[in-house]
Amino acid sequence: QVQLVESGGGLVQAGGSLRVSCAASGRTLRSYAMGWFRQAPGKEREFVAGISWNGGRTHYTNSVKGRFTISRDNAKNTVYLQMNSLKPEDTAVYYCAADAERLTTRANEYTYWGQGTQVTVSS
């Protein structure tokens, strides 16, 4: 079994930055793609960013391109999401997802999920 624990969320003013982390335990995930999703109140969970098993490929939803950067450290079994130039519309619970066979935007292709971390951007 794999456990994913997110950290680093919080409250930030518009234009600010945050870095959220997701640490995996239970077994190594270095062979699998990982991703970040988010869910705002009253909205469906949406894909934010994904990264291939070795970090060689990344993919972002259009609304965060140029502002967010996903990365991973396989030695630490950890994936990161650096969020810059944050906007109020980025406010959501951010979820880490792991164990996809390939880099994908589809939530149902990820096996493991974290509990989520709240990111709130004030205007």
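Please refer to the structure placed before this passage.
About the criteria used
Residues numbered from 1 in each chain as written. Predicted model: local features only at pLDDT ≥ 70, side-chain atom pairs only at ≥ 80, totals over all residues. Heavy atoms only, no water. Helix = DSSP H or I, 4+ residues; strand = E, 2+ residues; numbered from the N terminus. Rg over C-alpha atoms; globule rule 2.2 N^0.38 Å. Contact = heavy atoms within 4.5 Å. Areas by Shrake-Rupley, 256 points an atom, 1.4 Å probe, with all protein chains shown as cover. Lys, Arg positive; Asp, Glu negative; His and termini not counted. Charge placed at Lys NZ, Arg CZ, Asp CG, Glu CD. Buried < 20%, exposed > 50% of the residue type's maximum accessible area, 1.4 Å probe, protein only. Pairing = 2+ DSSP bridges. Axes fitted to C-alpha atoms, helices over the stretch in contact; angles between N-to-C directions.

Now for the overall build of the protein. Scanning the protein for helices and strands turns up zero helices and eleven strands. The secondary structure elements of the protein, listed N-terminal to C-terminal, are β-β-β-β-β-β-β-β-β-β-β. Since a compact globule built from 123 residues should have a radius of gyration of about 14 Å, the 13 Å found for the protein is in line with a globular shape. In terms of overall dimensions, the protein has C-alpha extents of about 40 × 25 × 25 Å along its principal axes. Contacts spanning at least 24 positions in sequence make up 57% of the contacts within the protein whose residues lie at least 6 apart. By element, 45% of the accessible surface of the protein is carried by carbon and sulfur atoms, the whole surface being about 6200 Å². Taken as two groups, the 14 positive and 9 negative side-chain charges of the protein have centres that lie 4 Å from each other.

Attention now moves to the pairing of strand β1 (residues 3-7). Going residue by residue along β1, you find Leu4 and Glu6 tucked away on one face and Gln3, Val5 and Ser7 left uncovered on the opposite face. Pairing geometry for β1 and strand β3 (residues 18-25), over five bridges, is antiparallel. The residue of β3 that forms the bridge with Glu6 is Cys22.

So, about the sheet that holds β3. Strand order across the open sheet formed by four strands is β1-β3-β8-β7, with antiparallel pairing between neighbours. At either margin of the open sheet sits one strand with a lone partner, and together these are β1 and β7 (68-73). Across the sheet, the mean angle separating the axes of adjacent strands is 15 degrees when strand polarity is ignored. Looking at chain direction, β3 and strand β8 (residues 78-83) are connected through six bridges and run antiparallel. Each bridged residue has a counterpart across the sheet, and for Val20 the counterpart in β8 is Leu81.

No statement about biological role is implied by the geometric values presented.
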